[in-house]
Every structure is written in C-alpha cells, then in structure tokens.
Amino acid sequence: MSTLGPISEAGTGRQQLDVDLGARSYPIFIGDGLLSDPACYRPYIAGERLMIVSNETVAPLYLDALRSGLAAFEIDQVILPDGERFKDLATLNRIFDALLERRCGRDVTIVALGGGVVGDMAGFAAACYQRGIAFIQVPTTLLAQVDSSVGGKTGVNHPAGKNMIGAFHQPRAVIADTATLATLPDRELAAGLAEVVKYGMISDRPFFDWLEDRVAALRARDATALATAIARSCQNKAEIVAADERESGQRALLNLGHSFGHAIEAGTGYGTWLHGEAVGVGLVMAAQLSVRLGWLAATDLDRIRNLVERCGLPTEPPADLPSERWLELMAVDKKVQRGRLRLVLLKGIGEALLTADIEPALLQETIDQAIRR
Ligand code: NAD
Ligand code: GLY
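Residues numbered from 1 in each chain as written. Chains lettered and ligands numbered in written order. Predicted model: local features only at pLDDT ≥ 70, side-chain atom pairs only at ≥ 80, totals over all residues. Heavy atoms only, no water.

S.K.: Help me understand the site of ligand 2, please; the structure alone is not making it clear to me.
M.R.: Taken together, the residues surrounding ligand 2 are D147, K153, K237, E247, R251 and L254. Note that an oxygen atom of ligand 2 is positioned 2.8 Å from one of the side-chain N or O atoms of K153. In the model, an oxygen atom of ligand 2 is placed 2.8 Å from a nitrogen or oxygen of the R251 side chain. Per-class residue counts for the shell around ligand 2 are 1 nonpolar, no polar and 5 charged. (Near = heavy atom within 4 Å. Polar contact = N/O pair within 3.5 Å; in protein donor to acceptor, adjacent residues only side chain to side chain. Nonpolar A, V, L, I, M, F, W, Y, C, P; charged D, E, K, R; others polar.)

Laid out in structure tokens, this is it:
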C-alpha cells in the first residue's frame, strides 16, 4: 500500500520530488516552462559537453528552446527516426556513432529530449558508452513524464520480446516541462493515462478515486489536473524505485498489465498499438484474470474497465492475435522465473501482487474470452 495519503491538487507552480537512492539520488522537476531554464540542468551536467538525443518529431518543436537554456555548453545532437519500431540496436548504434564521431569522452552528458522511446534508448546509450556516462531525462510525453523517465530502466526491443536488451542506469535529473504536452496528440495523451491509472490500481486507491473524478479534466488538458497526476504518479514511482531499484521484489508491481500489453505490442508489430494502449488492455485483462481467480470483485473490474475506457483507451485486445501466440509471447517476459510465468494481479483496487499461482486454464480462458469479445 502506498504511504501517500489523500490527494491535494497542486496548482501549476514548479514542483520538485526526489528519487532517494543514496549517492545516486536525483530530482524530478515538474512545471510549466522548465525546458529552457538553465538552473534545472546546470548542477547535473558532468562536464562542458552535451549530446542531445531527440527524434524527428520532437526536435523541430523543442530542440531550439532546450539549446537556448544550455548555451554555455558545447552541444552536439543526434536526431533519431520516430517510432517504437526504431527502438532497436541498429538505431541505438546511431547514438554511439555520433558520440564517437564527435570524439566525446566520459565527461559528456547525454540529454534525452522526447518520449519514452528516446528516453529508453538515450539512457541505454549512456549506460554503455565508455562503460557509463551521465544523462538527463527531458520527457515530453505524458507517459514519459509519469513513468519511463523515472527509475533508470533503459533499453531496446528485440523482435522476440519487448525491452529485452537493456540496463539499469539512473538519470542525474528528470526535467518534465508540462508545457510540452500542449503539442501531444490526443491518442498519445490517452496512452500516457494508462500508466497513470496503473499507479492507482497497484497501491494508491485515493489516486484511483481521484482519477475517476478528474479523468475528463485530464483529457481536456486541464493544467492543474495534469500537474497533479504527473506529480502523484512520480511520487508513486519514486517510492517503489527507492525501495527496490533493481526489481528484486516490489518494483515488479509496476508491470501490472504489461505482460498482456507486451504480448499485444510484440504480436502486432511494434508501433501498431501504442505502448500505453496495450497497457490499458493489459490492465483490464489482469483484472479479468483476478476476478476469475476469485480475488477481485466484479464491481472493481467494472470500475477499472470504465476508467480505462474514459481515458480514451481500448479495453479489448486485437481479435487477430491467436491465443497460442499470446502464450508464446507471454513466456518471453522478464518476470518468468525457472520457466514459470509470474503475473501482477489484483486483490482489490490499490492492492496488486506478483504471483506464480496462476491456473493455466484460467489464463487461457481470460485470453480466449478477451479475443472472442
Ligand atoms: P514515444 O516515445 O514513441 O512518443 C510518442 C509519440 O509522441 C512519438 O511519435 C513522439 O515523437 C511524439 N512526441 C513526443 N513528445 C511530443 C510532444 N511534446 N509533442 C508532440 N509529439 C510528441 O512513446 P511514449 O509513449 O512516450 O513511450 C513509450 C515507450 O516507453 C515504450 O517503448 C515503452 O516500452 C517505454 N517505457 C519505458 C519505461 C521505463 O521505465 N523505462 C516505462 C514505461 C514505458
Ligand atoms: N515501468 C516499469 C518500471 O519502471 O519498473
């Protein structure tokens, strides 16, 4: 259970939260207009040089503003193609090529400007280049501001499985400028809400209740509602990451809905379904299986399905992914232990648990019923 207590809406002023990891602790700054504020970056830049990693969509929107705040540094940049399908080793190599072409040493700091794809790849490059250099996350999607920029999971996909190649490498700082969300397409905003709902379902029932109340405001991009949801999500994530940085226990709960979701993403071809859309369906399927196991009340499943739907997300998986394929894909999961599938399921809203105690027939039934509708 989260220790966060009731929700109070924060307003839109600058907020700072901290991820408490001893010597590797770092701040998360959340606020309107942070992108070009040098004070947010300066203390976290290792040397005099920066390599900004962004993509073809985000760079034309925000690269100049970012560079304007960092004029005191020597800046290079590498602009990647946009899309989950480019979250692979070949594209990652373009970051190494740029670092080497520019003869960057270990004192270069990578700045990841973009959504979760850019952040995961830039972070992985930072983890590997010359055995590890500093990086700063500047997330520009809701999903990245509430989840992927925090916690140090970095990596790329493999055709056989999502995020299968990667490293834990914490950023020096996370700078979430909420103004960047103004240009985010509605579909991407909805995808980010899936990860927000996830926190409420895992361990923060007051947040789930608040989301039921404020989901329309979030979709309408109400600044106060968004700032509150981002801060509360980051508080949830920071608490879990501080307790279990390398996922030896509690952190696995952050994968609620992801075993189902990753199967959808890999099975349909990366990028066809957005990560957050697949997670939204995964949240509903995890709840459906929990009801089948007799752990979760059917009324709670209804609340979860309704909230996911009200976020503007699909609640049913693609009909054309056969169930044998689901089971194959779900078997390639980082939570598999000694060949046994483990899933994050629910005893209630705000009460998630990791379990291997899954009746295979009930899992099969959950998938079959979901694809048959
Ligand atoms: P994304 O990075 O693909 O961004 C979504 C789209 O929005 C892209 O087309 C991007 O170019 C565009 N975009 C980004 N910012 C924009 C802006 N401000 N205005 C307009 N367009 C903008 O996707 P995502 O949803 O941010 O991240 C999904 C990825 O994150 C997945 O690969 C997932 O595996 C990963 N992830 C990682 C973690 C982690 O802990 N590391 C957690 C959750 C998800
Ligand atoms: N998004 C899962 C994690 O950070 O652990």
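S.K.: How should I be thinking about the environment of A191 in this particular structure?
M.R.: Mapped onto the secondary structure, A191 falls in helix 6 (residues 186-203). Sequence separation between A191 and T141 is 50 residues, and the spatial gap between their C-alpha atoms is 9.4 Å. Among all residues touching A191, those that are not within four sequence positions of it are L143, L274, G276, E277 and L313. (Helix = DSSP H or I, 4+ residues; strand = E, 2+ residues; numbered from the N terminus. Contact = heavy atoms within 4.5 Å.)

S.K.: What is the right way to look at the sheet that holds strand 5 (residues 108-114) in this model?
M.R.: Sheet strands pair via backbone hydrogen bonds, and the direction of the pair is either parallel or antiparallel. Across the sheet, which stays open at both edges, the 7 strands sit in the order 1-2-9-6-5-3-4 with mixed pairing between neighbours. Both edges of this open sheet fall to strand 1 (15-19) and strand 4 (74-80), since each of them pairs with a single strand only. Taken over all neighbouring pairs, the strand axes of this sheet differ in orientation by 20° on average, direction set aside. In this sheet, strand 9 (residues 173-177) lies alongside strand 6 (residues 134-139) in parallel orientation, the contact comprising 2 bridges. When the sheet's bridge partners are listed, Q137 is paired in strand 9 with V174. Here helix 2 (residues 58-69) sits on the sheet in contact with strand 3 (49-55), strand 4 and strand 5, set at roughly 160° to strand 3. Contacts from helix 4 (residues 116-128) reach strand 3, strand 4, strand 5 and strand 6 within the one sheet, and its direction differs from that of strand 5 by about 165°. (Pairing = 2+ DSSP bridges. Axes fitted to C-alpha atoms, helices over the stretch in contact; angles between N-to-C directions.)

S.K.: Looking at this structure, I do not really get helix 3 (residues 89-101). What am I missing?
M.R.: Here helix 3 spans 18 Å end to end across 13 residues, near enough to the 18 Å set by a 1.5 Å rise per residue. Regarding helix 3, the residues found buried are T91, L92, I95, F96, A98 and L99. Along the axis of helix 3, the buried positions cluster into a sector of 160°, meaning they face one direction only. Turned more than 90 degrees off the buried face of helix 3, the exposed positions are A90, L100 and E101. Where the residues of helix 3 are buried, they touch strand 3, strand 4, strand 5, helix 4 and strand 7 (153-158). R103, located one to two residues past helix 3, shows a positive phi value of around 50°. (Expected span 1.5 Å × (residues − 1). Buried < 20%, exposed > 50% of the residue type's maximum accessible area, 1.4 Å probe, protein only. Arc of directions from axis to C-beta.)

S.K.: Any chance you could explain the site of ligand 1 here in plain terms?
M.R.: Close to ligand 1 lie 28 residues; D82, E84, T140, T141 and T183 are nearest. K153 places a main-chain nitrogen or oxygen 2.8 Å from a nitrogen atom of ligand 1. The side chain of T183 places a nitrogen or oxygen atom 2.7 Å from a nitrogen atom of ligand 1. Secondary-structure elements contributing two or more residues to the shell around ligand 1 are helix 2, helix 4, helix 5 (142-148), strand 8 (161-168) and helix 6. Here the shell around ligand 1 is composed, by residue class, of 7 nonpolar, 11 polar and 10 charged.

S.K.: What am I meant to see in unusual backbone geometry here?
M.R.: For residues other than glycine, phi is negative in most cases, and the peptide bonds are mostly trans. Residues other than glycine seldom take positive phi values, yet R131 does so here, at roughly 65°. Residue R131 is classed as exposed on the basis of its relative accessible area, which comes to 78%. A positive phi angle, near 60°, is found at E247, a position not held by glycine. If you trace the backbone, E247 turns up in the loop between helix 8 (223-243) and helix 9 (258-268).

Everything listed is a geometric property; what it means functionally is a separate question.
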